[in-house]
Amino acid sequence: MSTVRTLSTCTARQFVFSGSRCPAHRSLPGWTNLRGLATSTEGTLKKTGLYDFHIKNGAKMVPFAGYQMPLAYGNVGQGAATVGFEKHCNDWFLVASHAHVRTDAGLFDVGHMVQSNFRGRTATAFLEWLTPSSLTSLAPYTSTLSVLLNEKGGIIDDTVITKHSEDAYYVVTNAGRRDRDLTWFKEKLEEWNASDNAKSGKVEHEVLEDWGLVALQGPASVQYLQSLTSFNLRELTFGKSAFVPIEGFNLHVARGGYTGEDGFEISIPPSQTVDVTKLLCNAPVQLAGLGARDSLRLEAGMCLYGNDLDEDTTPVEAGLTWVIGKERKENGDFIGAEGVRKHLKDGPPRRRVGFIVDGAPARQGAQIYSSPQKELIGVVTSGIPSPTLGKNIAMGYVKSGFHKKGTEVDIDVRNRMRKAIVSPMPFIKPNYWRG
């Protein structure tokens, strides 16, 4: 889950790397144009607690979801001829940063995300009303991907919910949906707490304002983090979390992430964010930004709110039926249940699928046609040249019936039809630690 929109690379530019104790990439080809993301003026953009840290480490900062966020670090636009990636591509992605996360480890600032606590004797029931997930059966200190649904079953936001106990949950939502989500939480909490549902106890919501959140991702992340803690990280399998002592800091650490690699997401109190981040970014860990984050998540087949998910899309259409609890598909009393059950029973009118695309990469908005009939059947929602595979990959929605693996379609890329094949996701094999 993330609010990073598809990052489309434009003219390569350079900026001077400023020395730092934390390694950053020296050969990041191209920088990306964040189309449609700059919703605030430079003066009104928020900053995470790591903003000054990013500047000191030579970050290229860009407007994103109301924040100034790092796109990449070090000299941008260098080494494009040496990365060995699709020479015919018009755009150069941040290949070096992407590849380092796949082979070693990268550290991402995701402190723009909204971190919340929900507490109260009826917290489980409240969150099972807001989402279709089975939280009652979720073990303590276990996380699940979920979705907030509107009354029609459309996705307000995707979220990660961590259960600490029956009456305490830690929830992370997207920065780009902050106002919508917080307003929704407030409205629904007032409704819940005023009803008979809260007879045994009301629910309280706390936003962890200004808290840090960093994602340490990649196969080398566990060895590096283990060197900083006495906690046995082998016990912390994918989807589990714990409060872990890290060099004198006691931090909430969840095993998982948004890259398809093994990794950890670490929540940090505001006063400790910079110090902890400095501990986490020494070699072999390298700082990584939004550009690599987007290409990594797409290779892993993960949805991006605003591109691949919106309020007119149900979890069934989005291929997220698995987040709906088995027993809740028929009997769950959650917001939007009627719309979801209709798609479960009758089948959705469209489905999210992956593609391998010939020739030029298909970007968000590219139209998809049946082959050879040339009937308009869908649209691309995200697309990149895959640094790992050396192929153009994409995801999008097509009419049901055209969603089967191996189906050949045509995609209109810059007024030229490109052949594409419906392909299973994720595009790369995930490397999660499951014990």
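Computed from a predicted structure; not experimentally measured.

I'd like a description of the overall build of the chain, backed by residues and values.
Secondary structure summary: the chain contains nine helices and 22 strands in total. A buried classification covers 58% of the 435 residues belonging to the chain. A separation threshold of at least 6 residues defines the contact pool for the chain, and within that pool the share at least 24 residues apart is 70%. Total accessible area on the chain stands at roughly 17,800 Å², and carbon and sulfur atoms take up 49% of it.

Go over the layout of surface pockets with me, naming the residues and quoting the values.
As a volume, the largest pocket reaches approximately 1,100 Å³. Lining the largest pocket are 46 residues; nearest its centre among them are Leu-145, Phe-238, Met-302, Trp-322 and Tyr-432. Of all the secondary structure elements, the ones that give two or more residues to the lining of the largest pocket are strand E8 (142-149), strand E9 (155-165), strand E10 (168-173), strand E14 (249-255), strand E15 (263-268), strand E17 (350-357) and strand E22 (416-423). Of the residues forming the lining of the largest pocket, the biggest block, four residues, is contributed by E8. Considering only residue class, the lining of the largest pocket consists of 25 nonpolar, 14 polar and seven charged.

Before we move on, can you summarise the sheet that holds strand E4 (residues 59-64) with the specific residues and values?
The three strands are arranged E3-E5-E4 in an open sheet whose pairing can be described as mixed. Each of the sheet's edge strands pairs with one partner strand only, and the pair in question is strand E3 (46-47) and E4. Direction of pairing for E4 relative to strand E5 (residues 67-73): antiparallel, over a ladder of six bridges. Residue pairing across strands places Val-62 opposite Met-69, the latter belonging to E5.

Help me get a handle on the environment of Ser-423, residues and values and all.
Inspection of the secondary structure puts Ser-423 in strand E22. For the pair formed by Ser-423 and Ile-393, sequence separation is 30 residues and the distance between their alpha carbons is 9.1 Å. Within the structure, the side chain of Ser-423 is placed 3.1 Å from the backbone oxygen of Ile-421, a separation counted as a polar contact.

Would you mind going over the nonpolar core in detail, with residue names and values included?
Ranked by size, the top nonpolar core spans 30 residues in total, and within it Leu-107, Leu-225, Val-253, Ile-266 and Leu-280 carry the most contacts. Excluding anything up to four places from it in sequence, Leu-107 contacts Val-214, Ala-215, Leu-216, Thr-277, Leu-280, Cys-281, Val-285, Gln-286, Leu-287 and Ala-288. Residues Phe-126, Ile-161, Val-171 and Phe-185 belong to the second largest nonpolar core, which totals 22 residues.

Would you mind going over the pattern of salt bridges in detail, with residue names and values included?
All chains considered together, the criterion is met by 18 salt bridges. For Arg-102, the salt bridge is made with Glu-299, and the minimal N-O distance between the two is 2.9 Å. With Arg-102 in helix H2 (residues 95-103) and Glu-299 in helix H7 (residues 290-299), this residue pair connects regions lying 197 residues apart in the sequence. Glu-299 carries the same exposure label as Arg-102, and that label is buried. Residue Glu-375 pairs with Lys-399 through a salt bridge whose shortest N-O separation is 2.8 Å. With a gap of 24 residues between them, Glu-375 in the loop between strand E18 (367-370) and strand E19 (376-385) and Lys-399 in strand E20 (residues 392-399) connect regions that are remote in the sequence. On the basis of relative accessibility, which here comes to 34%, the residue Glu-375 falls in the partly exposed class. Classification of Lys-399 by relative accessible area gives partly exposed; the value is 36%. One connected set of salt bridges, linked through shared partners, spans Arg-102, Glu-261 and Glu-299.

Can you explain the confidence of the model for the chain? Please cite residues and give values.
Confidence in the prediction for the chain averages 89 pLDDT; 86% of positions are at 70 or higher. In the predicted structure, residues 2-21 sits below a pLDDT of 50 and forms 90 contacts with residues beyond four places in sequence or in another chain. Note that pLDDT drops below 50 for residues 75-93; the model gives that stretch 54 contacts with residues more than four away or on any other chain.

Give a description of the sheet that holds E22 that names residues and reports values.
Read around the closed barrel, the six strands follow the order E17-E20-E19-E18-E21-E22; overall the barrel is antiparallel. Within this sheet the neighbouring strands show an average axis-to-axis angle of 40°, counted without direction. As judged from the eight bridges shared by E17 and E20, these two strands associate in the antiparallel manner. Bridging from a neighbouring strand, Arg-352 pairs with Tyr-397 of E20. This element, H7, spans E19 and E20 of the sheet and lies at about 125° to E19.

I'd like to hear about the pairing of E19, residue by residue, with values.
In terms of residue burial, E19 counts as a mostly covered element, since eight of its ten residues are buried. Pairing geometry for E18 and E19, over three bridges, is antiparallel. The partner of Tyr-369 across the bridge, within E19, is Leu-376. Hairpin connection from E18 to E19: five residues lie between these consecutive antiparallel strands, with Lys-374 at a positive phi of about 65°. As judged from the seven bridges shared by E19 and E20, these two strands associate in the antiparallel manner. Counted as the bridge partner of Val-379 is Tyr-397 from E20.

Which residues make up the packing of aromatic side chains, and what values do they have?
Throughout the structure, instances matching the rule amount to seven aromatic pairs. Relative to Phe-185, the ring of Phe-118 has its centre 5.1 Å away and its plane inclined at 80°; by these criteria the two rings are edge-to-face. Of this pair, Phe-118 sits in strand E7 (residues 114-119) while Phe-185 sits in helix H4 (residues 178-193), and the two are 67 residues apart along the sequence. Relative to Phe-243, the ring of Tyr-141 has its centre 6.3 Å away and its plane inclined at 80°; by these criteria the two rings are edge-to-face. You can see Tyr-141 sitting in the loop between helix H3 (123-130) and E8 and its partner Phe-243 sitting in strand E13 (residues 241-246), a full 102 residues away along the chain. Classification of Tyr-141 as partly exposed rests on a relative accessible area of 29%. With relative accessibility at 41%, the residue Phe-243 sits in the partly exposed group. Each member of the aromatic cluster is reached from another via a ring pair, and the members are Phe-118, Phe-126, Trp-129, Phe-185 and Trp-192. Of note, Lys-188 hangs over the ring of Trp-184, and the distance from its end group to the ring centre comes to 4.6 Å. Between the NZ or CZ atom of Arg-350 and the centre of the ring of Tyr-397, over which it lies, the distance is 4.4 Å.

What counts and what doesn't
- Residues numbered from 1 in each chain as written.
- Predicted model: local features only at pLDDT ≥ 70, side-chain atom pairs only at ≥ 80, totals over all residues.
- Heavy atoms only, no water.
- Helix = DSSP H or I, 4+ residues; strand = E, 2+ residues; numbered from the N terminus.
- Buried < 20%, exposed > 50% of the residue type's maximum accessible area, 1.4 Å probe, protein only.
- Contact = heavy atoms within 4.5 Å.
- Areas by Shrake-Rupley, 256 points an atom, 1.4 Å probe, with all protein chains shown as cover.
- 1 Å grid on protein atoms, 1.4 Å probe; cavity = no way out; pocket = protein on both sides within 12 Å on 5 of 7 lines; lining within 4 Å.
- Points joined across faces, edges and corners; volume = space filled by probe spheres on them.
- Nonpolar A, V, L, I, M, F, W, Y, C, P; charged D, E, K, R; others polar.
- Pairing = 2+ DSSP bridges.
- Polar contact = N/O pair within 3.5 Å; in protein donor to acceptor, adjacent residues only side chain to side chain.
- Core = buried A, V, L, I, M, F, W, Y, C linked by side-chain atoms within 4.5 Å.
- Salt bridge = Lys/Arg side-chain N within 4 Å of Asp/Glu carboxyl O.
- pLDDT = per-residue confidence, 0-100.
- Axes fitted to C-alpha atoms, helices over the stretch in contact; angles between N-to-C directions.
- Phe/Tyr/Trp six-rings, centres within 6.5 Å; stacked < 30°, edge-to-face > 60°.
- Lys NZ or Arg CZ within 6 Å of the ring centre and 35° of its normal.

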